[in-house]
Amino acid sequence: MRSLIRRLFAGTPPAPDPVSWQAVRTRLPWLRTLDDGAPSDEGSSVDVRPGSREAALQALAARFLQHKTITPIGDLVLDDSDRLLLAALCCLPLLEFGEEGLHGWSQLIVYPDAFRVNRTHVDAAGVMHEWDDELIGEAWESGPLVLSWADVQADIAEPDAGFCVAVHEMAHKLDALDGLLDGTPPLPRHWQQAWARDFQRAYDGFVAEVEAGRATTIDPYAAEAPEEFFAVCSEYHFSAPQVLQAAFPAVAAHLAKFYGRPPLA
Ligand SMILES: [Zn+2]
């Protein structure tokens, strides 16, 4: 029994069915160029096997589907292709980091559209404030990842617009892996120091620009907090890398190392 359970939970999941993967590949623009420019592409015009980054993403997506429950809310229906698409999208930021990036949570909740959450806060005078927030995604610390399906679709429809809510929330998950949501994911010590220095410098400059009321090429939401700056810049890495490169070259270089070459570069 024990060995069976171990095999069930620890075994390598089968790769996604090639027909289903092809369908997801057609739907997700970021997948099609993953291996562009890679040495393995040379002289392989008749070779239709996935390149190494695409194969790695397939393995990650299979692992995602093996370990995470995907729960649609309300009247939303997700078929197998939708589930594989969500798994592939959430694993896109893990191509370099690896499957350890899936650690510590087990559920993806998908709302049909933007969803309301109730917030409460007790201020210093003991007065409770209560309000509603409308969200398109949320990442609970060691809890579920929550996405709006309509917004995932909107990101896919305009893949180079600088938005990708699944990547944004996965960046929060990676950030929280070291127990601290601060805009720095777990990294080797020397890299972490350089990362913290370069991100802090870019963030401080950005906050100053936003506070001065200047128009910015990067979404001003990134000025909310260092962890939002990291999550928003991660979205640009995948969906508008040139904009990120022009705005914060040092940050773009760290993210290119952390996530791998941007698929739309
Ligand atoms: Zn966020």
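The structure we're discussing is the one just above.
Rules used in this analysis
- Residues numbered from 1 in each chain as written.
- Predicted model: local features only at pLDDT ≥ 70, side-chain atom pairs only at ≥ 80, totals over all residues.
- Heavy atoms only, no water.
- Buried < 20%, exposed > 50% of the residue type's maximum accessible area, 1.4 Å probe, protein only.
- Helix = DSSP H or I, 4+ residues; strand = E, 2+ residues; numbered from the N terminus.
- Arc of directions from axis to C-beta.
- Contact = heavy atoms within 4.5 Å.
- Donors = N, O, S within 2.8 Å, 3.2 Å for Na, K, Ca; no water.
- Tetrahedral: all angles 85-135°; square planar, octahedral: opposite > 155°, others 65-115°.
- Pairing = 2+ DSSP bridges.
- Axes fitted to C-alpha atoms, helices over the stretch in contact; angles between N-to-C directions.
- 1 Å grid on protein atoms, 1.4 Å probe; cavity = no way out; pocket = protein on both sides within 12 Å on 5 of 7 lines; lining within 4 Å.
- Points joined across faces, edges and corners; volume = space filled by probe spheres on them.
- Nonpolar A, V, L, I, M, F, W, Y, C, P; charged D, E, K, R; others polar.

Student: Please set out helix 6 (residues 149-157) residue by residue, giving values where relevant.
Tutor: Among all positions in helix 6, only Trp 149, Asp 151, Val 152, Asp 155 and Ile 156 are buried. Down the axis of helix 6, the smallest arc covering the buried residues is 165°, so these residues share one side. Buried residues along helix 6 sit against helix 2 (18-27), helix 3 (29-32), helix 5 (80-91), strand 2 (107-111), strand 6 (145-148) and helix 7 (165-176).

Student: Outline the coordination of the zinc ion, listing residues and values.
Tutor: Within the protein, the zinc ion binds to His 168 (NE2), His 172 (NE2), Glu 228 (OE) and Glu 228 (OE); these donor distances fall in the range 2.1 to 2.7 Å. For the zinc ion, the four donor atoms in the first shell make angles of 52 to 144° at the metal, a pattern classed as irregular. Here the donor residues of the zinc ion are spaced in sequence according to H-x3-H-x55-E. Of this pair, His 168 and His 172 both sit in helix 7, four residues apart, which is roughly one turn of the helix.

Student: Provide a residue-level description of the pairing of strand 4 (residues 128-135), including the pertinent values.
Tutor: Looking at chain direction, strand 3 (residues 115-122) and strand 4 are connected through eight bridges and run antiparallel. Note on strand 4: the bridge partner recorded for Phe 115 is Leu 135. Linking strand 3 back to strand 4 in an antiparallel pair, the connection comprises five residues, with Gly 126 at a positive phi of about 85°.

Student: Please provide a residue-by-residue account of the sheet that holds strand 5 (residues 137-139), values included.
Tutor: Reading across the sheet, the four strands line up as 1-2-6-5 and stay open at both edges, with mixed pairing between neighbours. Where the open sheet ends on each side, the last strands, each with one partner, are strand 1 (69-72) and strand 5. Across the sheet, the axes of successive neighbouring strands diverge by a mean angle of 15°, strand direction being ignored. In this structure, strand 1 lies alongside strand 2, joined through four bridges in parallel fashion.

Student: An account of the layout of surface pockets is needed here, citing residue identities and associated values.
Tutor: Rolling a probe over the atoms, with the probe sized like a water molecule, indicates the empty space that remains. Its boundaries defined by the atoms lining it, the largest pocket holds a volume of some 590 Å³. Around the largest pocket sit 27 residues that line it, and Gly 137, His 168, Glu 169, Tyr 221 and Glu 228 are the ones nearest its centre. For the lining of the largest pocket, the secondary-structure elements that each account for two or more residues are strand 4, strand 5, helix 6, helix 7 and helix 9 (226-239). In terms of residue count, helix 7 provides more of the lining of the largest pocket than any other element does, six residues in total. Per-class residue counts for the lining of the largest pocket are eleven nonpolar, three polar and 13 charged.

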